[in-house]
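What follows is each chain in one-letter form.
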Amino acid sequence: IRWYPGHMSKALEQISELVRKIDLIIEVLDARLPYSSSNHLLEQVRRNKPCIKVLNKNDIADPAATRAWVQHFQKNSGVRALPLVAKNIPEVKSLVKLCKQLVPHRGNPGYPIRTMVVGIPNVGKSTLINTLAGRSIAKVGDRPAVTMRPQQIPLNNGILIFDTPGLLWPAMDDQGGAYRLAASGAIGANALDYTNVGVFAAAYMMRRYPELLKERYKLAELPETPYEVVEAVGRCLGCIMSGGVVDVHRAAETFLRELRAGKAGRISFEEPGTPEDVEAELLRFA
Ligand code: GDP
């Protein structure tokens, strides 16, 4: 998806229009980076409608970080955070239950809870809608909503979903956010250099999950710099060029692929209230 200002304001306008007609917003965030996978402009068009922040992909997020995020969001009244895995039927049923708690006057035959699922690309909107529906529904637009008619999907659990236009663009208002989105796979790394993103991820892992790094890549001791960590990962995974030199670009790419798939363990890229100096320190390496 290529966002440009016209697309952005149009998508937001359409969401704003649809919000009038609904009872509840389901905002899907990536549990590994709830801040950067959100779009704060949603708050401006929310019209004080209740909102559930689904922290999706919780299967690959750090459980301690997810707990901290749930507490963090609890402080904001009218907003509830629910960690889940979009394919997990019992967990998605608990989402339906929460919808009914937040909109107690609806959710009966003839009076469904009207809701819409919004979120950035790739965060799991389609997967969630399919699980809610109990069947496979056409892929939610993977293009901005501008070209689409809103669709209503009645579900047999008292929910009615407007499935488009739910597409938001990520909040890339800071450089760290852009790097975290790229490291997590939420956005393609092509805008940023792969090696830089890999080195950034290595700096973060050194700081936050050194033991996972050592274990997965068989390192007795962590090297001094993030760049050397990427090299060490490359040696461990066999990203070697002729002459025995580590292919750092390929090492970074493979490293990121592993982190994104949870191969090094369950990791989160953000915690609530990370101090600015930590942020600045990590960016120094990118
Ligand atoms: P959408 O663009 O927001 O509709 O996202 P999709 O539903 O198409 O999901 C994007 C990718 O994330 C797909 O590869 C899904 O399989 C994957 N995905 C969705 N939900 C989860 C989840 O809870 N855990 C994990 N690990 N992957 C998920």
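Rules of the game
Residues numbered from 1 in each chain as written. Predicted model: local features only at pLDDT ≥ 70, side-chain atom pairs only at ≥ 80, totals over all residues. Heavy atoms only, no water. Helix = DSSP H or I, 4+ residues; strand = E, 2+ residues; numbered from the N terminus. Buried < 20%, exposed > 50% of the residue type's maximum accessible area, 1.4 Å probe, protein only. Contact = heavy atoms within 4.5 Å. Areas by Shrake-Rupley, 256 points an atom, 1.4 Å probe, with all protein chains shown as cover. Axes fitted to C-alpha atoms, helices over the stretch in contact; angles between N-to-C directions. Parallel < 35°, antiparallel > 145°, perpendicular 65-115°, else oblique. Left-handed = near helix turned anticlockwise from the far one by under 90°. Nonpolar A, V, L, I, M, F, W, Y, C, P; charged D, E, K, R; others polar. Salt bridge = Lys/Arg side-chain N within 4 Å of Asp/Glu carboxyl O. Phe/Tyr/Trp six-rings, centres within 6.5 Å; stacked < 30°, edge-to-face > 60°. Pairing = 2+ DSSP bridges.

Our next topic: the overall build of the chain. For the chain, the count of helices and strands is 11 helices and 6 strands. Each of the 286 residues in the chain was classed as buried or not, and the buried ones make up 52%. If you take every contact in the chain between residues at least 6 apart in sequence, the share linking residues at least 24 apart comes to 70%. Within the structure as shown, the chain displays about 13700 Å² of accessible surface, and the carbon and sulfur contribution to it stands at 50%.

Time to look at the packing of helix α7 (residues 194-208) against helix α10 (residues 248-260). One way to put it is that α7 packs onto α10 with a least axis distance of 8 Å and a crossing angle of 55 degrees. With respect to their mutual orientation, α7 and α10 come out oblique. Along this stretch, α7 crosses α10, giving a crossing that reads as left-handed. Contact with α7, carried on its side by Tyr194, Thr195, Val197, Gly198, Ala201, Ala202 and Met205, involves Val248, His249, Ala252, Glu253, Phe255, Leu256, Leu259 and Arg260 of α10 and no other residues of that element. Along the lines of polarity and charge, the residues of the contact of α7 with α10 split into 10 nonpolar, 3 polar and 2 charged.

The next point concerns the packing of helix α6 (residues 175-184) against α7. Orientation of α6 relative to α7, taken along the N-to-C sense of each, is 95 degrees, at an axis distance of 9 Å. When the axes of α6 and α7 are compared, the pair comes out roughly perpendicular. Residues Gly176, Tyr179, Arg180, Ala182 and Ala183 of α6 form the contact with α7, whose participating residues are Asn196, Val197, Phe200 and Ala201. For the contact of α6 with α7, the class distribution of residues is 6 nonpolar, 2 polar and 1 charged.

Under the counting rule described, the total for this entry stands at 12 salt bridges. Residues Arg32 and Asp30 are paired through a salt bridge, measuring 2.8 Å at the closest nitrogen-oxygen approach. When sorted by exposure, Arg32 lands in the same class as Asp30, which is buried.

Looking now at the packing of aromatic side chains. On inspection of all chains with the given rule, the structure shows 5 aromatic pairs. Seen in terms of ring centroids, Trp69 and Phe73 are 5.6 Å apart; in terms of plane orientation they differ by 25 degrees. Their pairing is stacked. Of this pair, Trp69 and Phe73 both sit in helix α3 (residues 63-74), 4 residues apart, which is roughly one turn of that helix. This pair shows no difference in class: Trp69 is buried, exactly as Phe73 is. For the ring pair Tyr204 and Tyr209, a centre distance of 6.3 Å and an interplane angle of 70 degrees mean the geometry is edge-to-face. With relative accessibility at 9%, the residue Tyr204 sits in the buried group.

Attention shifts here to the pairing of strand β6 (residues 159-162). Along any regular strand, the residues point their side chains to alternate faces of the sheet. Here β6 shows a buried face lined by Ile159 and Ile161 and a second buried face lined by Leu160 and Phe162. The pairing of strand β4 (residues 113-119) with β6 spans 4 bridges and is parallel. Within the sheet, the bridge partner assigned to Met116 lies in β6 and is Phe162. Relative to β6, strand β5 (residues 152-154) is paired through 3 bridges, and the arrangement is antiparallel. When the sheet's bridge partners are listed, Gln152 is paired in β6 with Phe162. Hairpin connection, β5 to β6: the antiparallel pair is bridged by 4 residues, and Gly158 has positive phi, about 85 degrees.

Another point: unusual backbone geometry. In terms of backbone geometry, most residues other than glycine have negative phi values and most peptide bonds are trans. Positive phi outside glycine occurs at Asn48, with the angle close to 60 degrees. Within the element layout of this structure, Asn48 appears in the loop between α2 (41-45) and β2 (51-56). With phi around 75 degrees, Asn122 is a residue other than glycine that occupies positive phi space.

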